[in-house]
Structure formats: C-alpha cells, structure tokens
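Below, each chain spelled out in residue letters.
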Amino acid sequence: EPEVTQTPSHQVTQMGQEVILRCVPISNHLYFYWYRQILGQKVEFLVSFYNNEISEKSEIFDDQFSVERPDGSNFTLKIRSTKLEDSAMYFCASAIAGFSDEQFFGPGTRLTVL
Amino acid sequence: RKEVEQDPGPFNVPEGATVAFNCTYSNSASQSFFWYRQDCRKEPKLLMSVYSSGNEDGRFTAQLNRASQYISLLIRDSKLSDSATYLCAALGAGSYQLTFGKGTKLSVIP
C-alpha cells in the first residue's frame, strides 16, 4: 500500500539554525500539506500546496516557514531560524484531490530545538 | 474561530465492550468529517470518513448529525489493539485545512 514517507525521523538543532524537513507524498496525489503537533496538544494545520504554490496557510505559518517541491517527488518544509517553541512533531500529508478529500499522513519528523 | 471538541477521556473498557465517542464542531460550514486513530507518538491514521447517511466498516460505525453539529464513532466488540487516541477532524467548505480535535483516549483492558 502506498505511503507518505518523511525524513529524518528525528532532527535536533540549535535555536536560530535552519532546518529542512523532507517528505515524499503518495505518487498519484496532487495536494500536499504540513501539520505540526506540539507534545500533548492538537494536530495543527500549517500549509497546503497544490500546483507548485501555496493554496492555504495558517497563522502559524509565518515568514520563518517556507515550502517547496524541488522535484517531482519531494516536498519540503524549511524553518529559517528555529525557536524553542518550534519543537514539535511535523507531519506531512497528501491527498488525491483537495476539498473534501481524505488526507494521508506520513510518520512525522520529531524536531527538537535546543 | 473554528473548533472541534472531544471528550479527552480516558475511556477504559473491557475487551468485547461497545464504546462510543462524540465530537462537536463549531463551524457550520464544515463539509467533510473524518475519524483518525493515533497511537502514542505516531502519525494520525485515517480510520474512516463520515457521511451524512452514516457509514460502517466492520466493527466501526460513524454518524454525522448536521443539525446538532456532532459526529460520533461507535466501536463494537472492542479489541486490545483498539487502544489508541481517536481524533475527529473537520474540513471546511472551500478549505484544505483539517481542523482536529484533541482526541479521545481509549484503553481496552483484558
């Protein structure tokens, strides 16, 4: 069964450093998403991406964040200058269609900012 | 503000029991609803979509009540492997953003 994959599984970084989290969505999916989950809290939407551009973003997704689809398979989330409060699980998800469609999640990257 | 609310539990039930979870949503424009299962420190895994007519998948039944703005999940004949946190999620009309509840923790006890 096709799956969303993410690398690395765990990333430790110093405050102020840049990190790039990588995702390979399911191959025939066209819509891509990033969510995050701070320990003990809800899963929160960050951004959605379709046709090589951002289609929607939340208040969390400020200028420190960016997304890119550098090639036909990868989808990345960059955090330019990490803060302590960026420590969380970051989940990538993908869907075949957009509105009303089921989103399938990858295993996540645990980001720890020291 | 779009919110999805769930009873956090925990629900501790014996094997074989039937258990039901409810979830309420505040955005009346929400169009699509889902139940996800999340094991500790893992990703949400899609359990089922929720339709107005209700839907059933084996031991799991999901219902949507638009008038009262809640969705429900019924698990029959609980198994030890059902122990997890169950998240409900709503997708607004014209939005790509899934809004999740905080989840309901289920422990099935031998």
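Since the model is a prediction, treat every value here as computed from it, not as a measurement. (Residues numbered from 1 in each chain as written. Chains lettered and ligands numbered in written order. Predicted model: local features only at pLDDT ≥ 70, side-chain atom pairs only at ≥ 80, totals over all residues. Heavy atoms only, no water.)

**Student:** Please explain the overall build of chain A as it appears in this structure.
**Tutor:** Across its full length, chain A holds 0 helices and 11 strands. Reading chain A from its N terminus to its C terminus gives the helix and strand order β-β-β-β-β-β-β-β-β-β-β. The C-alpha atoms of chain A give 13 Å as radius of gyration, which agrees with the globular expectation for 114 residues (13 Å, within 12%). The principal-axis extent of the C-alpha atoms belonging to chain A is close to 35 × 30 × 30 Å. The buried share of chain A, taken over its 114 residues, is 43%. For chain A, restricting intrachain contacts to residue pairs at least 6 apart in sequence, the fraction spanning at least 24 positions comes to 55%. Looking at chain A as shown, the accessible area adds up to about 5700 Å², and 48% of this sits on carbon and sulfur atoms. (Helix = DSSP H or I, 4+ residues; strand = E, 2+ residues; numbered from the N terminus. Rg over C-alpha atoms; globule rule 2.2 N^0.38 Å. Buried < 20%, exposed > 50% of the residue type's maximum accessible area, 1.4 Å probe, protein only. Contact = heavy atoms within 4.5 Å. Areas by Shrake-Rupley, 256 points an atom, 1.4 Å probe, with all protein chains shown as cover.)

**Student:** Explanation requested: the sheet that holds strand 7 (residues 60-65) of chain B in the structure shown.
**Tutor:** Whether parallel or antiparallel, the strands of a sheet pair through hydrogen bonds between backbone atoms. All names here are of chain B. Strand order in the open sheet formed by 5 strands is 1-3-8-7-6, with antiparallel pairing between adjacent strands. Each edge of the open sheet carries a strand with a single partner, namely strand 1 (4-6) and strand 6 (55-57). In this sheet, neighbouring strand axes are inclined to one another by 20° on average, regardless of whether the strands run parallel or antiparallel. Bridging between strand 1 and strand 3 (residues 19-25) involves 3 bridges; their strand directions are antiparallel. Note on strand 3: the bridge partner recorded for V4 is Y25. (Pairing = 2+ DSSP bridges. Axes fitted to C-alpha atoms, helices over the stretch in contact; angles between N-to-C directions.)

**Student:** Would you mind going over unusual backbone geometry with me for this structure?
**Tutor:** When glycine is set aside, most residues are seen to have a negative phi, and most peptide bonds are trans. Cis geometry marks the peptide bond from T7(A) to P8(A), where omega comes out at -10°. One can find P8(A) in the loop between strand 1 (5-7) and strand 2 (10-13). At the junction of G9(B) and P10(B), the peptide bond is cis and its omega measures out at 10° in the coordinates. In this fold, P10(B) is placed in the loop between strand 1 and strand 2 (11-14).

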